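Residue-level structure breakdown
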Amino acid sequence: MTPADKKRVLREMLFARRFEERCYEAYVERKIGGFLHLYPGQEACAQGVMEAARPGHDYVITGYRDHIHAIKCGADPKAVMAELYGKETGSSKGRGGSMHIFDVEHHFMGGYALVGGPFPLAAGIAKALKMKGSDAISICFLGDAANNQGTFHESLNMAKVWNLPVLYVCENNLYGIGTRIDRSTAVVDQYKRVSGYDIPAVQVDGQDVEVVYQAAKIAVDHVRSGKGPYFLELMTYRYRGHSMSDSNAYRAKDEERMWSKRDPIIMLRDRLVEAGEISLDDYKAMDAGILHQIEGEIIKFAEESPEPSVNELEKYVLADNDPYVRGGAR
Amino acid sequence: MAAIMYWEALQRAQDEEMARDPLVIVMGEDVGVAGGTYKATKGLYDKYGAERVIDTPISENGFTGLAIGASFIGVRPVIEIMSVNFAWLAMDQIFNSAAKVRYMSGGQLTAPVVIRSPGGTAHQLGAQHSARMEKVFMGIAGLRVVTPSTPKQAYGMLKAAIRCNDPVFINEHELMYNMKGEVPDGDYFHPLEGSEVARPGRDVTLFGYNISVHWCLEAAEFLATHHGIDCEVVDLFTLSPLDRAGIKASVSKTHRAVIAEEAEAPVGVGSEVIAIINEECFFELDAAPLRVSARNVPIPYNHKLEKAAIPSAKDIVHAVLKMFGK
Ligand SMILES: Cc1ncc(C[n+]2csc(CCOP(=O)(O)OP(=O)(O)O)c2C)c(N)n1
Ligand SMILES: [Mg+2]
């Protein structure tokens, strides 16, 4: 990463942080409903991997904690926020909500709410890319606890047997809702679980975006060069509760404090300040600019957008006018 | 009799049964240390320990199968599946193991598990967290399906289900855990078969179950006050087997039927009740029975669309008025 890249990365991670914090407020104001899973603390994961990948070209799929992954692929933050507001201008036209952001144009294949569901979908996307001779790869971001679903093991096996271009990124934040990883999972280091499938698997610090980027570059190159699947484990931490309905009472304050000292944004910022690339004032100005953009453009857009029409409740259930429904094209 | 909340009724039932029988266990995601997503297992972990109040990995088919296996030789598991939407993942073990093992072993084995899970549309949880699955479960031979509409039923049915020698699926609702109601003080076992007249009436029977019983009662109140129509409300607390005799008795008295369900109409409770009416008392009818149900769509996130997708007491009122030509 060049210094200019690093500055952009800093801005994008700070944007991700502020975007999510604003979602929190909007939820408290009851502008956003349903389940809301936020990303603060984990920014370096999506950021570092997508820096190494080709956003908008490579195919990305994930779980319900999906706003930032969508934005990293190129989704318009305005459309993401409008989706959270349930508006017709939202990325899923208000039908999906926070857990189901989709932006197929930018190859963001969606957020899914069933834990473990995306594993085989990602392998399937990889299968299709391979059949089509595309140089794009499939990237699946999921959590640590998701690896206890059978789909994890089934998908790794198939991906290896069929040599599929899929990168599995495990954002290991040590918890599945309120259950700490060692209470639910026999092997805490997730990369070790992959060894049984003869798939390269590494674990790195998910709080340092440069480390994530370096590891992801190797991973992405491996997959793109036709060598088959790869597993990348990123050690990270979410600052807030699992979702807005989670009190977060199960975590030790010491543990939270320790992780907050390794904040991905602050670490990169301090590094850039030390290298003389930016000043703290630059950073503050950057932050102010972001807050202004969120309030003045993104929230405004979401607020002012229309809601879907109730008359269109049944739209999108099935294809419109598919000729084969009537026995073929006429 | 004390008024307690629905979740407290479930908690009390499990606590009492665990105290009585050391082979009763509780398992599910976040049921232990966290006390359950809807608090139904609150305090049990501290009282009975990690061997009996088990926080499971996110492996629904795996832990459901494990519980079924344990039940083969005497353990009495109560499985909590956080949301019925996740029960799809456990369907193989529920359908292929629990429901069939008694029959295919010629009666040698049984799987006395209780599976509790909330279904239904809460507030804007989106398509993958708002489904109802009772129509799926009630179509499985070898599985009992009940769905409590009050804290009393929740308490008494869970107690009975734990002691019953068949697999029992208890269909709960995300919006009902904080509902308050009277629950008997001592041991109380609610039948796992039958139905209950929740409000006697003469003119039309409103069939409901779980949350829709409350919509029916609300509609009945309104229709009595504003239209002079006297509705009988029948609570179909058992969905499998459906209470043929109860359905017949009420329709033979009122000669009219409206069935209210939160789920989509196809292959649902309404279809089944109407089929039973046809078989049992067709010639008693004064009007064609009507179904009040959800629109046939995945549940949308947007609040207006969500509201439009699922039925309400108002829709029941409209159906009754239509039936009476008003
Ligand atoms: C099949 C299924 N089971 C259970 C849940 C409830 N649930 C939602 S997220 C979650 C924890 C997932 O943890 P992890 O995979 O580590 O991801 P994280 O939220 O930590 O990013 C659980 C149990 C679900 N959504 N789907
Ligand atoms: Mg996790």
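Residues numbered from 1 in each chain as written. Chains lettered and ligands numbered in written order. Predicted model: local features only at pLDDT ≥ 70, side-chain atom pairs only at ≥ 80, totals over all residues. Heavy atoms only, no water.

This part is about the coordination of the magnesium ion (ligand 2). Residue and element names in this part refer to chain A. Donor atoms from the polypeptide that bind the magnesium ion (ligand 2) are Asp144 (OD), Asn173 (OD1) and Tyr175 (O), placed at 2.1 to 2.2 Å. Motif for the magnesium ion (ligand 2), donor spacing along one chain: D-x28-N-x1-Y. With aspartate 144 in the loop between strand E3 (138-143) and helix H6 (150-161) and asparagine 173 in the loop between strand E4 (166-172) and strand E5 (175-176), the pair connects residues that are 29 residues apart, well separated along the chain. Residues aspartate 144 and asparagine 173 agree in their burial class; the two are buried. (Donors = N, O, S within 2.8 Å, 3.2 Å for Na, K, Ca; no water. Helix = DSSP H or I, 4+ residues; strand = E, 2+ residues; numbered from the N terminus. Buried < 20%, exposed > 50% of the residue type's maximum accessible area, 1.4 Å probe, protein only.)

Residues and elements named next belong to chain B. Strands sit in the order E9-E11-E10-E13-E14 across an open sheet of 5 strands; the sheet is mixed. Every other strand in the sheet has two partners, leaving strand E9 (196-199) and strand E14 (290-294) as the edge strands with one partner each. Neighbouring strand axes in the sheet, compared pairwise and without regard to direction, differ in orientation by 25 degrees on average. Both strand E13 (residues 257-264) and E14 contribute to a ladder of 4 bridges, which runs parallel. Looking across to E14, one finds that isoleucine 259 is bridged to arginine 291. Its contacts with the sheet place helix H10 (residues 269-281) against strand E10 (204-208), E13 and E14, and it is angled at close to 155 degrees to E13. (Pairing = 2+ DSSP bridges. Axes fitted to C-alpha atoms, helices over the stretch in contact; angles between N-to-C directions. Contact = heavy atoms within 4.5 Å.)

Let us look at helix H4 (residues 77-84) of chain A. All names here are of chain A. In terms of burial, H4 is a largely internal element, 7 of the 8 residues being buried. Against the buried residues of H4 lie helix H1 (3-28), helix H3 (67-73) and helix H12 (280-304). Residue aspartate 76 occupies the N-cap position of H4, its side-chain oxygen lying 2.8 Å from the main-chain nitrogen of lysine 78. (Polar contact = N/O pair within 3.5 Å; in protein donor to acceptor, adjacent residues only side chain to side chain.)

Residue and element names in this part refer to chain B. Partitioning chain B into structural domains gives domain 1 (2-183) and domain 2 (196-323). The partner domain 2 presents 31 residues to the 29 residues of domain 1 that form the contact. Of the roughly 2300 Å² buried between domain 1 and domain 2, counting both surfaces, carbon and sulfur atoms make up 54%. At the boundary of domain 1 with domain 2, the tally comes to 3 salt bridges. The salt bridge involving arginine 132 is made with glutamate 264; its shortest N-O contact spans 3.3 Å. At the junction of domain 1 and domain 2, the tally comes to 20 residue pairs in polar contact (both at pLDDT 80 or more). Considering only residue class, the side of domain 1 that touches domain 2 consists of 13 nonpolar, 11 polar and 5 charged. (Domains from an automatic or database assignment. Buried area = accessible area lost by both parts, 1.4 Å probe. Salt bridge = Lys/Arg side-chain N within 4 Å of Asp/Glu carboxyl O. Nonpolar A, V, L, I, M, F, W, Y, C, P; charged D, E, K, R; others polar.)

Before going further, it helps to examine the side chain of serine 149 of chain B. Residue and element names in this part refer to chain B. As for its position among the elements, serine 149 is in the loop between strand E6 (144-146) and helix H7 (151-163). Judged by relative accessible area, serine 149 falls into the buried class, the value being 1%. Side chain to side chain, serine 149 and aspartate 235 meet in a polar contact 2.6 Å long. Those residues in contact with serine 149 that lie beyond four places of it in its chain are Tyr6, Met176, Met179, Asn210, Val213, His214 and Asp235.

With that out of the way, let us pick up the state of the cysteines. Residues and elements named next belong to chain A. Counted by the stated rule, this structure contains 0 disulfides over all chains. Looking at the unpaired cysteine 45, the closest cysteine sulfur is the one in cysteine 170, lying at 9.3 Å. Note on cysteine 73: no disulfide assigned, nearest cysteine sulfur contributed by cysteine 140 at a separation of 12 Å. Given the relative accessible area of 2%, cysteine 73 is considered buried. (Disulfide = S-S within 2.5 Å.)

Time to look at the packing of helix H3 (residues 60-72) of chain B against helix H4 (residues 84-98) of chain B. Residue and element names in this part refer to chain B. Axis separation between H3 and H4 bottoms out at 7 Å; the angle between their running directions is 30 degrees. Relative to H4, the element H3 is oriented roughly parallel. For the pair H3 and H4, the crossing hand works out as right-handed. Taking contact as the criterion, the partners of Glu60, Asn61, Thr64, Gly65 and Ile68 in H3 are, on H4, Phe86, Leu89, Ala90, Met91, Asp92, Gln93, Ile94, Ser97 and Ala98. Looking at side-chain class alone, the contact of H3 with H4 contains 7 nonpolar, 5 polar and 2 charged residues. (Parallel < 35°, antiparallel > 145°, perpendicular 65-115°, else oblique. Left-handed = near helix turned anticlockwise from the far one by under 90°.)

All names here are of chain B. Residue placement: asparagine 210 occurs in the loop between E10 and helix H8 (211-227). Classification of asparagine 210 as buried rests on a relative accessible area of 3%. Polar contacts involving the side chain of asparagine 210 include one to the main-chain carbonyl oxygen of asparagine 171, which spans 3.4 Å. Excluding residues that lie within four positions of it along the chain, asparagine 210 makes contacts with Tyr6, Thr147, Pro148, Ser149, Asn171, Glu172, His173 and Met176.

Each side of the interface is counted separately: chain B has 32 residues, and chain A has 34 residues. A buried area of about 2700 Å², summed over both sides, lies between chain B and chain A, and 60% of it is on carbon and sulfur atoms. Of all residues in chain B, Ile58, Tyr301 and Leu305 of chain B give up the largest surface area on contact with chain A, accounting jointly for 26% of the area buried on that side. Where chain B touches chain A, the interface holds 3 salt bridges. Measuring nitrogen to oxygen at the nearest pair gives 2.7 Å for the salt bridge that ties glutamate 314 of chain A to arginine 295 of chain B. For the pair chain B and chain A, the number of links is 15 residue pairs in polar contact (both at pLDDT 80 or more). Elements supplying a minimum of two residues to the side of chain B that touches chain A: H4 and helix H11 (303-309) of chain B.

This part takes up unusual backbone geometry. Of the consecutive residues serine 240 of chain B and proline 241 of chain B, the connecting peptide bond is found in the cis state with omega at -5 degrees. Mapped onto the elements, proline 241 of chain B comes out in the loop between strand E12 (238-240) and helix H9 (244-254). Of note in the backbone geometry, histidine 107 of chain A takes a positive phi value of approximately 60 degrees without being a glycine. Structurally, histidine 107 of chain A can be placed in the loop between H4 and strand E2 (108-111). Since its relative accessible area comes to 18%, histidine 107 of chain A is described here as buried.

The subject of this paragraph is the packing of aromatic side chains. The full count for this structure, using the stated rule, is 11 aromatic pairs over all chains. Ring centres of tyrosine 237 of chain A and tryptophan 259 of chain A lie 5.1 Å apart, and the angle between their planes is 5 degrees; on these two criteria the pair is classed as stacked. With tyrosine 237 of chain A in the loop between strand E8 (230-235) and helix H10 (253-260) and tryptophan 259 of chain A in helix H10, the pair connects residues that are 22 residues apart, well separated along the chain. According to the relative accessible area criterion, tyrosine 237 of chain A is buried, its value standing at 1%. On the basis of an interplanar angle of 15 degrees and a centroid distance of 3.7 Å, the ring pair of phenylalanine 137 of chain B and phenylalanine 169 of chain B is categorised as stacked. Of the two residues, phenylalanine 137 of chain B sits in helix H6 (residues 134-137) while phenylalanine 169 of chain B sits in strand E7 (residues 168-173), which places them 32 residues apart along the sequence. The two residues phenylalanine 137 of chain B and phenylalanine 169 of chain B agree in class, both being buried. One aromatic cluster is present, built from ring pairs that chain together Phe119, Phe152, Tyr168 and Phe231 of chain A. Note that arginine 269 of chain A overlies the ring of tyrosine 283 of chain A, its terminal NZ or CZ placed 4.9 Å from the centroid. Across the ring face of phenylalanine 324 of chain B, the terminal group of arginine 256 of chain B is positioned such that the distance to the ring centre comes to 4.3 Å. (Phe/Tyr/Trp six-rings, centres within 6.5 Å; stacked < 30°, edge-to-face > 60°. Lys NZ or Arg CZ within 6 Å of the ring centre and 35° of its normal.)

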